Amino acid sequence: QVQLVESGGGLVQAGGSSTLSCAASGRTFSSYGMGWFRQVPGKEREFVAAISRSGGSTVYAESVKGRFTISRDNAKNTVYLQMNSLKPEDTAVYYCAAGFRVRDVPLQQRTEYDHWGQGTQVTVSS
């Protein structure tokens, strides 16, 4: 069982930066592909970024490519999302997710994830 706790976010001005962190419990963090998703009221939760178990592979949604960077520190059981050049349309609740897989690949589908954090609000003001 993995428990995920996000931190960071808050209110940011357009063009600014923010970093989200997600701390995972347990001793098998490196067995999980990790991802970030986001959701706004009335819309489905959408994929933002994912990183493979080793951290060697990443994938991004087109809407954030070049602006966001996902990374992980397996020694600290933590995954990060560095967000630069933020836009008002990035405003959402951001969720961290963990998916147990043998293969060392990033997971893009919401259904591939087994565990979810409680979410953290990011608001970008124009």
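As shown above, the structure is provided for reference.
About the cut-offs
- Residues numbered from 1 in each chain as written.
- Predicted model: local features only at pLDDT ≥ 70, side-chain atom pairs only at ≥ 80, totals over all residues.
- Heavy atoms only, no water.
- Pairing = 2+ DSSP bridges.
- Helix = DSSP H or I, 4+ residues; strand = E, 2+ residues; numbered from the N terminus.
- Disulfide = S-S within 2.5 Å.
- Buried < 20%, exposed > 50% of the residue type's maximum accessible area, 1.4 Å probe, protein only.
- Salt bridge = Lys/Arg side-chain N within 4 Å of Asp/Glu carboxyl O.
- Axes fitted to C-alpha atoms, helices over the stretch in contact; angles between N-to-C directions.

Enquirer: Describe the pairing of strand β8 (residues 78–83), with residues and values.
Expert: The pairing of strand β3 (residues 18–24) with β8 spans six bridges and is antiparallel. If you follow Cys22 over to β8, its bridge partner there is Val79. Taken together, the six bridges between strand β7 (residues 68–73) and β8 define a ladder with antiparallel strand orientation. Within the sheet, the bridge partner assigned to Asp73 lies in β8 and is Thr78. In this structure, the hairpin formed by β7 and β8 is closed by a connection of four residues, where Asn77 is found at a positive phi of approximately 55 degrees.

Enquirer: Run through the state of the cysteines, naming residues and quoting values.
Expert: What the rule picks out here adds up to one disulfide. In this model Cys22 forms its disulfide with Cys96; the gap between the sulfur atoms is 2.1 Å. Judged by the torsion about the S-S bond (-80 degrees), the Cys22/Cys96 disulfide is left-handed. In this pair, Cys22 sits in strand β3 while Cys96 sits in strand β9 (residues 92–100), placing the two residues 74 residues apart along the sequence. Pair check on accessibility: Cys22 and Cys96 agree, each one buried.

Enquirer: Outline the pattern of salt bridges, listing residues and values.
Expert: This model, assessed by the stated rule, comprises four salt bridges. A salt bridge links Glu62 to Lys65, with the nearest nitrogen and oxygen atoms 2.7 Å apart. Through salt bridges that share partners, Arg38, Glu46, Arg67 and Asp90 make up one connected network.

Enquirer: Which residues make up the sheet that holds β3, and what values go with them?
Expert: Read from one edge to the other, the open sheet built from four strands follows the order β1-β3-β8-β7, with strand pairing classed as antiparallel. Edge positions in the sheet fall to β1 (4–7) and β7, since each has one partner strand and no second. Neighbouring strand axes in the sheet, compared pairwise and without regard to direction, differ in orientation by 15 degrees on average. Relative to β3, β1 runs antiparallel, the two being bridged by four bridges. When the bridges of β3 are listed, Glu6 appears paired with Cys22.

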